[in-house]
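# A structural walkthrough
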Amino acid sequence: MRSEPVVQVQALVKRYGAKTAVNGLDLVARPGVTAVLGPNGAGKTTTVETCEGYRTPDSGTVRVLGLDPVRQSAELRPRIGVMLQSGGVYSGARAEEMLRHVAGLHAHPLDVDALIERLGLGSCGRTPYRRLSGGQQQRLALAMAVVGRPELVFLDEPTAGLDPQARRATWDLVRDLRADGVSVILTTHYMDEAEELADDVAVIDEGRVIAQGSPEELCRGGAENTLRFTGRPGLDVGSLLKALPADCTAAELTPGAYRVVAAKVDPQLLATVTSWCAQHGVMPDRISVERHTLEDVFLELTGKELRS
Amino acid sequence: MTATGLYTPRPGAAPLPRMIAAQAVLETKMLLRNGEQLLLTVVIPTLLLVLFSSVDIVDTGAGRAVDFLAPGVLALAVMSTAFTGQAIATGFERRYGVLKRLASSPLPRWGLMTAKTASVLVTEVLQVILLTVVALALGWSPHGNPLAVLLLLLLGTAAFSGLGLLMAGTLKAEATLAAANLVFLLLLVGGGVIVPLEKFPGAAQTVLGLLPLSALSDGLRDVLRHGAGVPWGDLGILAVWAVVGLAAAGRFFRWE
């Protein structure tokens, strides 16, 4: 991809009092879908809100569609769509009324009726915002972000707390946006969401990007490279590692839960693990071979669970 | 997944006057749809006017009670919309991220504030019409120069808006709700609306006379009851409140 970046963040620092929310963050987002993945409190929202022009960086530079989000806000705002993590609607406004209003602030908005239909908001179009369910509120916020036909859409945790069906609907819309040439920056702490939707994933922790690449790159080619088994707790992982080929890693993730990561899990490797178990009198329950997930990547990079 | 072209980017802001007009219409709808707001801006002033004009509870001095009460209730109506109602509504809009979300829309912030002001003025026009009709039905006979009345209403609106927005933009929404209602109640008693300021002790009179509601009700009463010319003193007090309130609101208002 040679195209101009839609977002360029360089050495961004943002503090709130004594707390450093973003600590020298670099991020380049190309056209397409970019997921900013990280646990709560990693600095995702602060980063995105700086791109949206809500926060002024303490240091570093931010460019969105080539513009400074604070100084060139008037030029930028019509070109972006924003979905906040929550709220953003008058509590007494009806869903359809609010969407029509936001559409009316733009020169060439989408057809509001079609969008309402698309996101399944038809049944609650006349319902005041405060009486909508959490999922309906979120879909309305999503609709408000895209109705102005923006070039770039920011979605902050767009599916947090949604039921699977609403989640699918949101994912489908993001895919359609991408297909029509709209770029999307989304924050999420769901690794499956990042894997499903993103061309590019920026893994963020403690205010920095610690890894960036396509989900395949980050998960080492997406091959079946992870073998898991359970056995009695406290096995000698060092001894197992010695039995394995040099490029493998092995760890006891939680007591009794073991994981071996290799470039590729082949029959030979499986045999090596099971024979090692036999030698040590271990009955390996629940052996599974699976793809390395972003969750594993995150755990390796930070030593932390993603959903902490 | 195939491109439908439905979402192909075509960004652009609507023309500014259209955005501001749409925003003003929405703000006014929200206000008129809110039961608590209507209680404050319509029911209470109307009730006070009718009650105290027809039942002799408070001694309003020589002359018909309605001639004393109508100007005060008009002042109260201005305060209820520009100050109390606007502070509470804006406080909750801030709390629920409405101001934040609109700040990333094509509507500029000054456009939003213009729309809010327009919505306040529209509401006040409706209040003045209603209260005037009720007062006339109760036998009110207003005097004076309509331009002086308009000037007082506008400066009063500016003063109360500044104070209301200052409160909404700095305090928590619940604190704004409580404080705005408390101020409404205290000024209702001490702002020369129902109880003439002459009923208070001398020292208190001087202080109370400097409050924006007292200045507005006193100015309106001078003109509408006594047919006085332009009440410069009261206009001056309102102007000071307007400048201080709006400047402080502009300086300290936080959008989220």
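Computed from a prediction, not measured in an experiment: that's the story for all the values here. (Residues numbered from 1 in each chain as written. Chains lettered and ligands numbered in written order. Predicted model: local features only at pLDDT ≥ 70, side-chain atom pairs only at ≥ 80, totals over all residues.)

## Section: the pairing of strand β5 (residues 80-83) of chain A
All names here are of chain A. Burial along β5 is two-sided: the face carrying I80 and V82 and the face carrying G81 and M83 are both buried. Bridging between β5 and strand β6 (residues 152-156) involves 4 bridges; their strand directions are parallel. In the strand pairing of β6, V82 is matched with F154. (Buried ≥ 20, exposed ≤ 12 C-beta atoms within 10 Å, placed from the backbone. Helix = DSSP H or I, 4+ residues; strand = E, 2+ residues; numbered from the N terminus. Pairing = 2+ DSSP bridges.)

## With respect to the domain arrangement of chain A
Domain boundaries assigned for chain A yield domain 1 (7-218) and domain 2 (221-292). The distance between the C-alpha centroids of domain 1 of chain A and domain 2 of chain A comes to 39 Å. (Domains from an automatic or database assignment.)

## Quick notes on helix α5 (residues 109-137) of chain B
Residue and element names in this part refer to chain B. Taking 1.5 Å per residue as the helical rise, α5 with its 29 residues ought to reach 42 Å, and the 42 Å between its terminal C-alpha atoms agrees with that figure. For α5, the full list of buried residues reads L112, A115, K116, S119, V120, T123, E124, Q127, L131 and A135. Those residues of α5 that are buried are in contact with α1 (16-33), α2 (35-54), α3 (65-95), α4 (98-103) and α6 (146-170). Residue G139 follows α5 closely and has a positive phi angle near 95°. (Expected span 1.5 Å × (residues − 1). Contact = placed C-beta atoms within 7 Å.)

## Topic: α3(B)
Residues and elements named next belong to chain B. The terminal C-alpha atoms of α3, which comprises 31 residues, lie 42 Å apart, in line with the 45 Å expected from a rise of 1.5 Å per residue. S80 marks where α3 bends most, by close to 35°. Of all 31 residues in α3, 29 are buried, a share of seventy percent or more. Directly after α3, the chain includes G97, whose backbone phi takes a positive value near 75°. (Bend = angle between axes of the 7 residues up to and from the residue.)

## A few points about the interface of chain B and chain A
Facing the 32 residues of chain B at the interface are 36 residues of chain A. Listed by contribution, the elements that provide at least two residues to the side of chain B that touches chain A are α1, α3 and α4 of chain B. Of the residues forming the side of chain B that touches chain A, the biggest block, 5 residues, is contributed by α1(B). Here the residues of the side of chain B that touches chain A are counted per class, giving 18 nonpolar, 9 polar and 5 charged. (Nonpolar A, V, L, I, M, F, W, Y, C, P; charged D, E, K, R; others polar.)

## Thoughts on the confidence of the model for chain B
With 99% of its residues at a pLDDT of 70 or more, chain B shows a mean pLDDT of 94. Reported confidences for the modelled complex are a pTM of 0.86 and an ipTM of 0.90. (pLDDT = per-residue confidence, 0-100.)

## Description of the packing of α5(B) against α6(B)
Two quantities define a packed helix pair, namely the angle between the helix axes and the distance between the axes. Residue and element names in this part refer to chain B. Closest axis-to-axis distance for the α5/α6 pair is 12 Å, and the angle between their directions is 130°. As the angle between them shows, α5 and α6 are arranged oblique. Crossing of α5 against α6: the hand is right-handed. Between α5 and α6, the residues in contact are T117, V120, L121 and E124 and L153, T157 and S161, respectively. (Axes fitted to C-alpha atoms, helices over the stretch in contact; angles between N-to-C directions. Parallel < 35°, antiparallel > 145°, perpendicular 65-115°, else oblique. Left-handed = near helix turned anticlockwise from the far one by under 90°.)

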